[in-house]
Number of protein chains: 2
Amino acid sequence: MTAPSDVFLPPVAPSDVQRITCVGAGVIGGGWVAHFLARGYDVTAWDPGADAARRLRQIVDAAWPALTNLGLAPGASRDRLHIVDDLADALADAQFVQESAPEDLDVKIDLLARIDALTPQGVVISSSTSGYSMSEMQVSAANPGRLVVGHPFNPPYLIPLVEVVGGTRTHSGAVAWASEFFTLVGKSVITMEREVPGFIANRLQEALWREALHMVAEGEATVEQIDTAITDGPGLRWPFHGPCMTFHLAGGEGGMAHMLDHFGPSLKAPWTRLEAPELTPELRDAMVAGCETEADGRTNVELIAERDAKMIAIMQAMQDVSRRE
Amino acid sequence: MTAPSDVFLPPVAPSDVQRITCVGAGVIGGGWVAHFLARGYDVTAWDPGADAARRLRQIVDAAWPALTNLGLAPGASRDRLHIVDDLADALADAQFVQESAPEDLDVKIDLLARIDALTPQGVVISSSTSGYSMSEMQVSAANPGRLVVGHPFNPPYLIPLVEVVGGTRTHSGAVAWASEFFTLVGKSVITMEREVPGFIANRLQEALWREALHMVAEGEATVEQIDTAITDGPGLRWPFHGPCMTFHLAGGEGGMAHMLDHFGPSLKAPWTRLEAPELTPELRDAMVAGCETEADGRTNVELIAERDAKMIAIMQAMQDVSRRE
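Everything quoted here is computed from the prediction, not taken from an experiment. (Residues numbered from 1 in each chain as written. Chains lettered and ligands numbered in written order. Predicted model: local features only at pLDDT ≥ 70, side-chain atom pairs only at ≥ 80, totals over all residues. Heavy atoms only, no water.)

## Comments concerning the UniProt feature "domain: 3-hydroxyacyl-CoA dehydrogenase NAD binding" (unreviewed entry) in chain A
And then number 1: As annotated in UniProt, the feature "domain: 3-hydroxyacyl-CoA dehydrogenase NAD binding" (unreviewed entry) corresponds to residues 20-194 of chain A in the numbering used here.
And then number 2: The span residues 20-194 of chain A is 38% helix and 19% strand, and its two end C-alpha atoms sit 26 Å from each other. (UniProt positions renumbered as here; feature names shortened; annotations may be inferred. Helix = DSSP H or I, 4+ residues; strand = E, 2+ residues; numbered from the N terminus.)

Right, here's the structure in full:
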């Protein structure tokens, strides 16, 4: 990242944004369009694909009942979507740009350079990429300092998570601006300090997925058994307790410290094909401190009561949905 | 497993069981006691620990409001819990035994041999172990054929999953009996064809956990970022779509086949420290066939509508719980 002395000067504060441009309007880009419309923005969309306008309106219409159910922002309307044929027209007045082109590095490099050339100075440009680092993608842009990754999860209008990270030539001010903006539009933002292949959530998900593929390949489990193992087991906790808090509770009154001190040896067990790191004192202390921060003063008994209440609510909510169908 | 000609003769059918004995009544054993009581059984419990009876009643009392909320079976009552001091008394009339002793191989080997010696012939004895295989644990028992693993998830009174698997000396009839019984008592049962270290759900969970530890150790993510990445991201889908169905939907109209054929190369990407298996035609076809079985005729559009409805229901249910607190 550039030095702090190199000041980043955005033309508009995150809270003053009114107009957003979405470049690429397939499943991910279209999901972004739906989300920004529901949050009450004017959204301009551009997509070079055949029949793109009709497909985009279909995505937005399909998402709208869910978004209405979740609660629209004042003034939110599908009428505030403007689909244009010319990229320059799409970007001329943009106050924030979200790029969601196909995952092809050459396409991304070229498109981000074109977007950069057509967008008002200082406006932050964010890429939905799941596969590339911004350092790889920003090489042809004249103003790489304002280019960030804002990686959503599908569907972007429902899943809160957005991972924000810059490339080596991104200004730290642009990363901070994007993180603040995504938070304002209702996202759960993780601002990463440095680029990691796959970012964070996909790395975790991918480890689980690869172990699943190994198990099917070796005849250790079927596809259905793997999915049942998650949906009817640990998956019921994951919407409210991540892997660390899950094990913090598994440690009883002693929490994560007890878990690591007493069950650390199980990291040597052949319970997955992924080798564990060495459990150094530093790693142990980092895990314990992180869980204590997350617990935020709640006792083990309080955390368990909350876990049970949320798990029951989830199971009952899913039964209700199934009954309605 | 023994040959099919060696007939397994249980004294009672799974649907005729009325009396269950739980050996070991800590967090897991006590959770089983609460579950069986709520399902309307007479439950006898034995635990050699100091103050075990008081702690057990505390666990059952703490779980009872949740179990009442979920719906008790006719006749279910905490008065049908019998805590006894003598293991022989506990087992004399048992029609099913669930062992939940501490995770220590020597303790398990010895205790399972004692349980086997004191339990009526042919009654199935199930172990809650998460760490050992039944082949390792059944070595001292006179009648190893009736010993199975019935591995629950914490808390056993809420999480439906039970993984059932026998050891090399377990009769296949005992595995079938246990699977039928756990299904009758409201569990989601995975019957494994063979022993795999960590069984299925823990292997998947452990792969994710080890990747998380690596990321913290390398400074790639904090504990809080890892938990947020799951709870606000893919974790929101996992109570209803496991990893395979998640990617089946990510493949669009082409489903898992499209996903593997087009995104297969990403398995070579350094998105986790776990190396992926080779994507052979056999593995590809097994993944596709499994997802088609799970989809059970539902179209991509129907699956997406169901996903969105369930995800919204989950998010709203959790907001409701948080507001009540």
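From this point on, the discussion continues.
## A few points about the environment of L213(A)
And then number 1: Topologically, L213(A) is positioned in helix α7 (residues 201-217).
And then number 2: By relative accessible area, which is 0% here, L213(A) ends up buried.
And then number 3: For the pair L213(A) and I226(A), spaced 13 residues apart in sequence, the C-alpha to C-alpha distance is 9.6 Å.
And then number 4: If sequence neighbours within four positions are ignored, L213(A) has contacts with L267(B), P277(B), L283(B) and M287(B). (Buried < 20%, exposed > 50% of the residue type's maximum accessible area, 1.4 Å probe, protein only. Contact = heavy atoms within 4.5 Å.)

## Quick word on the packing of helix α11 (residues 281-295) of chain A against helix α8 (residues 223-231) of chain B
And then number 1: Look at α11(A) against α8(B): their axes get within 8 Å of each other, and the N-to-C directions meet at 60°. Between α11(A) and α8(B), the angle is such that the two are oblique. Contacts between α11(A) and α8(B) pair A286(A), M287(A), G290(A), C291(A), T293(A) and E294(A) from the former with V223(B), E224(B) and D227(B) from the latter.
And then number 2: Partitioning the contact of α11(A) with α8(B) into residue classes produces four nonpolar, two polar and three charged. (Axes fitted to C-alpha atoms, helices over the stretch in contact; angles between N-to-C directions. Parallel < 35°, antiparallel > 145°, perpendicular 65-115°, else oblique. Nonpolar A, V, L, I, M, F, W, Y, C, P; charged D, E, K, R; others polar.)

## Brief notes about the nonpolar core
And then number 1: F36(A), W209(A), M256(A), M287(A), W209(B), M256(B) and M287(B) are the most contacted members of the largest nonpolar core, which has 199 residues in total.
And then number 2: Apart from the residues lying within four places of it in its own chain, the contact partners of M256(B) are W209(A), C244(B), F247(B), H248(B), M287(B), V288(B) and C291(B).
And then number 3: If you look at the next biggest cluster of nonpolar residues, it comprises six residues, including A317(A), A313(B), A317(B) and V321(B). (Core = buried A, V, L, I, M, F, W, Y, C linked by side-chain atoms within 4.5 Å.)

## Looking at the interface of chain B and chain A
And then number 1: Chain B puts 107 residues into the contact, and the matching count from chain A is 107 residues.
And then number 2: With both sides pooled, the region where chain B packs onto chain A buries about 9,800 Å², and carbon together with sulfur makes up 70% of that total.
And then number 3: Among the residues of chain B in contact with chain A, W209(B), R210(B) and W271(B) are the three that bury the most area, contributing 9% of the side total.
And then number 4: Inspection of the chain B/chain A interface yields two salt bridges.
And then number 5: With a closest N to O distance of 3.0 Å, E211(B) and R203(A) form a salt bridge.
And then number 6: Remark: the boundary between chain B and chain A carries 34 residue pairs in polar contact (both at pLDDT 80 or more).
And then number 7: It is helix α7 (residues 201-217) of chain B that contributes the most residues to the side of chain B that touches chain A, 17 residues altogether.
And then number 8: Looking at side-chain class alone, the side of chain B that touches chain A contains 62 nonpolar, 25 polar and 20 charged residues. (Buried area = accessible area lost by both parts, 1.4 Å probe. Salt bridge = Lys/Arg side-chain N within 4 Å of Asp/Glu carboxyl O. Polar contact = N/O pair within 3.5 Å; in protein donor to acceptor, adjacent residues only side chain to side chain.)

## Topic: the relation of the copies chain B and chain A
And then number 1: With an RMSD of 0.0 Å, chain B superimposes on chain A once it is rotated by 180° and translated 0.0 Å along the axis. With respect to symmetry, the two chain copies, as superposed, fit the operation of a two-fold axis.
And then number 2: A share of 100% of the interface residues of chain B reappears at the interface of chain A, consistent with the copies meeting face to face through the same patch. (Least-squares fit on C-alpha atoms with pLDDT ≥ 70 in both.)

## Remarks on unusual backbone geometry
Backbone geometry follows two general trends: most residues other than glycine have a negative phi, and most peptide bonds adopt the trans configuration.
And then number 1: With omega at -5°, the peptide bond leading from N154(A) into P155(A) counts as cis.
And then number 2: Tracing the chain through its elements places P155(A) in the loop between β6 (147-152) and β7 (161-166).
And then number 3: Despite not being glycine, F199(A) has its phi angle at roughly 55°, a positive value.
And then number 4: Within the secondary structure layout, F199(A) lies in the loop between β8 (188-191) and α7.
And then number 5: A relative accessible area of 4% means that F199(A) is categorised as buried.
And then number 6: Within the chain, D296(B) stands out as a residue other than glycine whose phi angle is a positive 55°.
And then number 7: Mapping D296(B) onto the fold places it in the loop between α11 (281-295) and α12 (300-324).

## Concerning the side chain of H248(A)
Residues and elements named next belong to chain A.
And then number 1: Locating H248 in the fold gives a position in helix α9 (residues 243-250).
And then number 2: Among the residues examined, H248 registers a relative accessible area of 12% and is labelled buried.
And then number 3: In this view, H248 contacts G255, M256, C291, A295 and L303; residues no more than four positions away in its chain are not counted.

## What about the domain arrangement of chain A?
And then number 1: Examined at the domain level, chain A breaks down into domain 1 (14-191) and domain 2 (233-324).
And then number 2: Its C-alpha centre places domain 1 of chain A at a distance of 34 Å from the equivalent point of domain 2 of chain A. (Domains from an automatic or database assignment.)

## Observations regarding α8(B)
And then number 1: Here α8(B) lies mainly inside the structure; seven of its nine residues are buried.
And then number 2: All buried positions along α8(B) are accounted for by V223(B), Q225(B), I226(B), D227(B), A229(B), I230(B) and T231(B).
And then number 3: On its buried face, α8(B) is in contact with β7, β8, α7, α9 and α11 of chain A together with α7 of chain B.

## What to know about the sheet that holds strand β2 (residues 42-46) of chain A
And then number 1: In space, the eight strands of this open sheet follow the order β3-β2-β1-β4-β5-β6-β7-β8 (chain A), with mixed pairing throughout. Looking along the sheet, the strands with just one partner apiece sit at the ends: β3 (81-83) and β8 of chain A. Between one strand axis and the next, the sheet turns by 25° as a mean value, whatever way the strands run.
And then number 2: As paired strands, strand β1 (residues 19-23) of chain A and β2(A) are joined by five bridges and run parallel to one another. Note that in β2(A) the partner of T21(A) across the bridge is T44(A).
And then number 3: Docked against the sheet, helix α4 (residues 105-118) of chain A engages β1, β2, β4 (97-99), β5 (125-127) and β6 of chain A, running at close to 165° with respect to β4(A).
And then number 4: Contacting β7 and β8 of chain A, α8(B) crosses the sheet at an angle of about 140° to β8(A). (Pairing = 2+ DSSP bridges.)

## Some words on the pattern of salt bridges
As a working rule, side chains carrying opposite charge can pair if their charged atoms are close by.
And then number 1: Following the criterion strictly, the structure yields 32 salt bridges over all chains and no others.
And then number 2: A salt bridge links R284(A) to D285(A); its shortest N-O distance comes to 2.9 Å.
And then number 3: Each of R203(A), E211(B), E220(B) and R273(B) takes part in one network of salt bridges that share partners.

## Digging into the packing of aromatic side chains
And then number 1: As enumerated under the stated definition, the model contains 25 aromatic pairs over all chains in all.
And then number 2: Centroid distance F36(B) to F181(B): 6.3 Å. Interplanar angle 40°. Geometry classified as tilted. Pair noted here: F36(B) is in helix α1 (residues 27-38) and F181(B) is in helix α6 (residues 172-184), with a separation of 145 residues, a long-range link. As far as burial versus exposure is concerned, F36(B) and F181(B) are alike and both buried.
And then number 3: Geometrically, the ring pair formed by F181(B) and F182(B) is tilted, given 6.0 Å between the ring centres and 55° between the ring planes.
And then number 4: Of the aromatic side chains, those joined through ring pairs into one cluster are W32(A), F36(A), Y41(A), F96(A), W177(A), F181(A) and F182(A). (Phe/Tyr/Trp six-rings, centres within 6.5 Å; stacked < 30°, edge-to-face > 60°.)

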